[in-house]
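Structural features, examined
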Amino acid sequence: MLAPRIAYLIGTISEDKTPNLIPVSNLTSASTQPQQVVLAVYKQWTTYETLQTAPGFTVSVPGIDQLEAVWKLGARYSRFPTASAGEKLAARGLTLDHQASDYGPVVPAGIGWMSCRVVARLDLGGDHGIVIGQTERVWFNPDYVDRDGTPRGTPHPVMQQTGNQFTSTANEFTSMPYL
Ligand SMILES: Cc1cc2nc3c(=O)[nH]c(=O)nc-3n(C[C@H](O)[C@H](O)[C@H](O)COP(=O)(O)O)c2cc1C
């Protein structure tokens, strides 16, 4: 119903220093000044547990050519078998940068990434928990986006329609004049 939505990759590091990266479509802007984003994570996921104490998280925006890796990273949803979180990341065929942020791995070949400090955690009694992050750093991949965030060419983010159905139709832009 609220689809299609971009599948972002949320990077975290657990208390025992294990990096993790999972697709999350429940993410939106909650403030522009300062930049804040809100995300909702299912309470059964390891990422939810990590975010209860983690100081921050990263958000990468994968391109459609990275769909297979995105799908596999969502192992508990896509039912892709994995032994451990470390093995999961190694097996996905995505080049990760573990140095760029202390909060979690990022995907340099994607459309861009940002790192966010956790500023609030909310439990509204539902099956997902809500985490609000304040953006500390933003990086746009110059292959896809200009420094001010304007798309260069036609970036194709991964968008989930429903379940295992994906699209990447954000490839035609129409400009409207500001009135
Ligand atoms: C395209 C896609 C979008 C997803 N969106 C969300 C989401 O918004 N919130 C969420 O909690 N899980 C979402 N998931 C499921 C998690 O990514 C998946 O279950 C993951 O394996 C959890 O891993 P973890 O237990 O290591 O944190 C999504 C999965 C996919 C494939």
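Located above this text is the structure these notes cover.
What counts, and at which threshold
Residues numbered from 1 in each chain as written. Predicted model: local features only at pLDDT ≥ 70, side-chain atom pairs only at ≥ 80, totals over all residues. Pairing = 2+ DSSP bridges. Helix = DSSP H or I, 4+ residues; strand = E, 2+ residues; numbered from the N terminus. Axes fitted to C-alpha atoms, helices over the stretch in contact; angles between N-to-C directions. Near = placed C-beta within 6 Å. Nonpolar A, V, L, I, M, F, W, Y, C, P; charged D, E, K, R; others polar. Core = buried A, V, L, I, M, F, W, Y, C linked by C-beta atoms within 7 Å. Buried ≥ 20, exposed ≤ 12 C-beta atoms within 10 Å, placed from the backbone. Contact = placed C-beta atoms within 7 Å.

1. As for the sheet that holds strand β2 (residues 8-13)
- One open sheet holds the seven strands; their spatial order is β3-β2-β6-β7-β8-β5-β4, and the pairing between them is antiparallel. The sheet is open, and its two edges are formed by β3 (19-24) and β4 (27-32), each paired on a single side. Adjacent strand axes in the sheet meet at a mean angle of 35°, parallel and antiparallel pairs treated alike.
- The pairing of strand β5 (residues 35-42) with strand β8 (residues 128-140) spans seven bridges and is antiparallel. Residue pairing for β8: V37 is matched across the bridge by G133.

2. Overview of the site of the ligand
- The full set close to the ligand counts 22 residues, and N26, Y42, T47, G74 and R76 are the nearest of them.
- Looking at the shell around the ligand, the elements with two or more residues in it are β3, β5, α1 (46-51) and α3 (75-78).
- When the residues that make up the shell around the ligand are grouped by side-chain class, the tally is 12 nonpolar, nine polar and one charged.

3. What to know about the nonpolar core
- In terms of nonpolar packing, the biggest core is built from 29 residues, with Y8, L9 and I10 touching the most fellow members.
- Among the secondary structure elements, those contributing two or more residues to this core are β2, β3, β5, β6 (56-61), α2 (67-73) and β7 (112-122).
- The element contributing the most residues to this core is β2, with four residues.
- Discounting chain neighbours no more than four positions away, the residues touching L9 are L21, I22, P23, S60, P62, V70, L73 and V107.

4. A closer look at the environment of L67
- One can find L67 in helix α2.
- Using a count of 18 C-beta atoms within 10 Å as the deciding quantity, one classes L67 as partly exposed.
- Sequence-wise, L67 and Y42 are 25 residues apart; in three dimensions their C-alpha atoms are separated by 21 Å.
- Sequence-distant contacts of L67, that is, excluding residues within four places in its chain, are made with V158 and F166.

5. Section: unusual backbone geometry
- With an omega dihedral of 0°, the bond running from A3 to P4 counts as a cis peptide bond.
- Along the chain, P4 turns up in the segment before β1 (5-6).
- A cis amide bond, omega 0°, links Q33 with the succeeding residue P34.
- Along the chain, the position of P34 falls in the loop between β4 and β5.
- With a phi angle near 70°, K17 is a residue other than glycine that sits in the positive phi range.
- By secondary structure assignment, the location of K17 is in the loop between β2 and β3.
- We note that R79 has phi near 65°; this positive angle belongs to a residue other than glycine.

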